[in-house]
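# Working through the structure, step by step
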Amino acid sequence: MKIHTVQAIRKIVLYVVVALGAFVFAVTTSIYPSGETTHEMVEWFGIVLIVSCILGRTWSSLYIGGRKIEEFVRTGPYSVMRNPLYFFSFLGAAGVGMQVGSVILGLICATLAWLVFYVVV
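So, a few notes on the structure that sits alongside this text.

All right, on to a nonpolar patch on the surface then. Together, Val103, Ile104, Leu107, Ile108, Leu112, Trp114, Leu115 and Tyr118 make up an exposed nonpolar region whose accessible area comes to about 780 Å². Residue position: Trp114 is located in helix α4 (residues 103-117). With relative accessibility at 41%, the residue Trp114 sits in the partly exposed group.

On to the nonpolar core. Core analysis: the largest hydrophobic core is formed by six residues, namely Phe90, Ala93, Val100, Leu105, Cys109 and Ala113. Looking at this core, the elements with two or more residues in it are α3 (84-97) and α4. Take this core: its biggest share by element is three residues, from α4. In contact with Ala113, other than residues within four places in its own chain, are Phe90 and Ala93. Formed by five residues, the second largest nonpolar core is a distinct cluster that contains Leu49, Ala94, Met98 and Ala110.

Basis of the calculations
- Every chain begins its residue count from 1, and numbering advances along the sequence as written.
- Residues qualify for local features only when their pLDDT is at least 70, as the model is predicted, and side-chain atom pairs are given and counted only at 80 or more; totals for whole chains, interfaces and linings, by contrast, use all residues.
- To obtain the side-chain values, all non-hydrogen atoms of the structure were used and water was disregarded.
- Grouping into patches uses exposed residues only, defined as over 30% relative accessible area, and leaves out salt-bridged ones; the cut-off is 9 Å for like charges and 5 Å for nonpolar side chains (Val, Leu, Ile, Met, Phe, Trp, Tyr).
- For accessible areas, the Shrake-Rupley method is used with a probe of radius 1.4 Å. Any residue's cover is judged against the shown protein chains and nothing else.
- The term salt bridge refers to a pairing of a side-chain nitrogen on Lys or Arg with a carboxyl oxygen on Asp or Glu at a separation within 4 Å.
- Only DSSP runs of H or I with at least four residues qualify as helices, and only runs of E with at least two residues qualify as strands; both kinds are numbered from the N terminus onward.
- Buried means the residue's accessible area, taken with a 1.4 Å probe over protein chains only, is under 20% of the maximum for its type, while exposed means over 50%, and partly exposed covers the values in between.
- Nine residue types can take part in a nonpolar core, namely buried Ala, Val, Leu, Ile, Met, Phe, Trp, Tyr and Cys, and a core is a set of them joined through side-chain atoms within 4.5 Å.
- Whether two residues are in contact is decided by their heavy atoms: any pair within 4.5 Å suffices.

Right, dumping it as structure tokens:
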């Protein structure tokens, strides 16, 4: 299968997943009532994951900038894992899912992100 075809399919799948995700967010609620400590803790943990995603992706992007093709990077986030940009994206997806107050929805969002990016990673 050609690269362009795979990328086109991946983008279509991503759009469908985002549309389904928007629907799920609209009709889903947490088992913990809003305002309850557990619900609020899950939401705050989701915010921590989203901020970690933003900071991690920024760090990774700035670190690799201009050196990706020219050298094999063995320091910084790339010394720990091969694809830190995707890893931080998965954290962000989980954090977005947790904004409903549901750990399960956070795990589902992270899993869907992993499935969408599996071909690329």
